[in-house]
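# Summary of structural features
These are the residues of each chain, in order.
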Amino acid sequence: QIPKDPTQRWLRELAALSQQLQQVHPNVLAKILKQRTLYQNEEIVVIDKPYGLPVHGGPSIKNCIADVLPILAKMLENMKADPLHLCHRLDKETTGVMVLARSKEAAEKIRLLFKTRQVEKIYWAVVLGDPDPVEGIVEIPIVEKEVQSHQSHYKMTLAPNYRLRPEDGKVMKIRKNRSAESAVTRYRRLASASACSLLELQPITGVKHQIRVHLAYGLGCPILGDHKYSHWSKLAPQKLPELTLKRLKLEQSKARHLPLHLHAQQLRLPLGQPLDFVCKPPLFFQKTLRKLELDIPKD
């Protein structure tokens, strides 16, 4: 049954986003990825990664990109194609530009470009609130920590090198956390409305969950639909401002259905001449922008 009420329909679509691709046959999934191919040459295949599809398998994961690479390679080429290779990863909930390699050698070459920070990546995110200042660089190391709460769980978090001295508020350097990785994210605000902002982000480093952690804990502007990094001590749905709920036509009790609004918008790969790939945000992301009246810049 498709609900007649548009609000109910929107909610149904959001709730189904993560499940959809877990229930299809691997051949169907490969076909979906084939339809989402943005570019291919003899070295690489670039796809537009859909929402809710993990790159790697795991205990409760039925479908992932890694498992269907051999099928996808055959669909793109001929029956004797070598399997494709992963060059980098995107979180399960992140959409957008993803590069696959046709050979082991090409994959190693591209992985090295990522590792040596020669690949330019630009993301878009809808966040709660307004970053202050509206553009800048967040440079705070990140470390994984266990959160002790009624449900113990692990999260990435900030491990700053400085803090304020309680007695006089002076800045002091603190001892470096040995296991923390340095993390740098550039950001600028593209639009703001409905107690939210649309940000353009450029991660200079590639630490796990870096953008999510820098936005939530560094700038105090968690990504819309990021239920993991909107609180520190508990796993609970994100609490949304009244105005945002009203514009999205959602009740707070249904906020848990909101997907993560983080999209890999653009990627520049220096392979011979630089290759530039741009990918429009998915439909749910575009709908959210419209509902929140966040105008996409036209340039």
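Let me sum up the structure you'll find in this document. (Residues numbered from 1 in each chain as written. Predicted model: local features only at pLDDT ≥ 70, side-chain atom pairs only at ≥ 80, totals over all residues. Heavy atoms only, no water.)

This paragraph deals with the nonpolar core. The tendency in soluble globular proteins is for nonpolar side chains to be buried side by side. One finds Ile-65, Val-126, Leu-198, Leu-201, Leu-215 and Leu-294 to be the most contacted residues of the largest nonpolar core, which totals 61 residues. Residues from two domains meet in this core; each of domain 1 (12-116) and domain 2 (120-266) gives at least three. In this structure, Ile-65 is in contact with Leu-33, Ile-47, Lys-49, Leu-53, Pro-54, Val-55, Leu-86 and Met-98, ignoring residues within four places of it in sequence. (Core = buried A, V, L, I, M, F, W, Y, C linked by side-chain atoms within 4.5 Å. Buried < 20%, exposed > 50% of the residue type's maximum accessible area, 1.4 Å probe, protein only. Domains from an automatic or database assignment. Contact = heavy atoms within 4.5 Å.)

On the surface, a cluster of nonpolar side chains totalling about 350 Å² of accessible area is made up of Tyr-162, Leu-164 and Val-171. Residue placement: Tyr-162 occurs in strand β9 (residues 162-164). (Patch = residues over 30% accessible without salt bridge, like charges linked within 9 Å, V, L, I, M, F, W, Y side chains within 5 Å. Areas by Shrake-Rupley, 256 points an atom, 1.4 Å probe, with all protein chains shown as cover. Salt bridge = Lys/Arg side-chain N within 4 Å of Asp/Glu carboxyl O. Helix = DSSP H or I, 4+ residues; strand = E, 2+ residues; numbered from the N terminus.)

Moving on to the side chain of His-214. Relative to the helices and strands, His-214 resides in helix α5 (residues 210-218). Relative accessible area serves as the criterion here: at 1%, His-214 is assigned to the buried category. Here the side chain of His-214 touches Thr-185 through a polar contact of 2.7 Å, side chain to side chain. When near neighbours in sequence (up to four residues on either side) are disregarded, His-214 contacts Val-138, Ile-140, Ile-142, Leu-158, Ala-183, Val-184, Thr-185 and Leu-219. (Polar contact = N/O pair within 3.5 Å; in protein donor to acceptor, adjacent residues only side chain to side chain.)

A few words on the packing of helix α1 (residues 6-20) against helix α7 (residues 283-291). Where α1 meets α7, the axes come as close as 12 Å, and the angle between the chain directions of the two elements is 140°. By the criterion of interaxial angle, the relationship of α1 to α7 is oblique. Classified by chirality, the crossing of α7 by α1 is left-handed. Contacts between α1 and α7 pair Trp-10, Glu-13, Leu-14 and Leu-17 from the former with Phe-284, Lys-287, Thr-288 and Lys-291 from the latter. Looking at the contact of α1 with α7 residue by residue, the classes come out as four nonpolar, one polar and three charged. (Axes fitted to C-alpha atoms, helices over the stretch in contact; angles between N-to-C directions. Parallel < 35°, antiparallel > 145°, perpendicular 65-115°, else oblique. Left-handed = near helix turned anticlockwise from the far one by under 90°. Nonpolar A, V, L, I, M, F, W, Y, C, P; charged D, E, K, R; others polar.)

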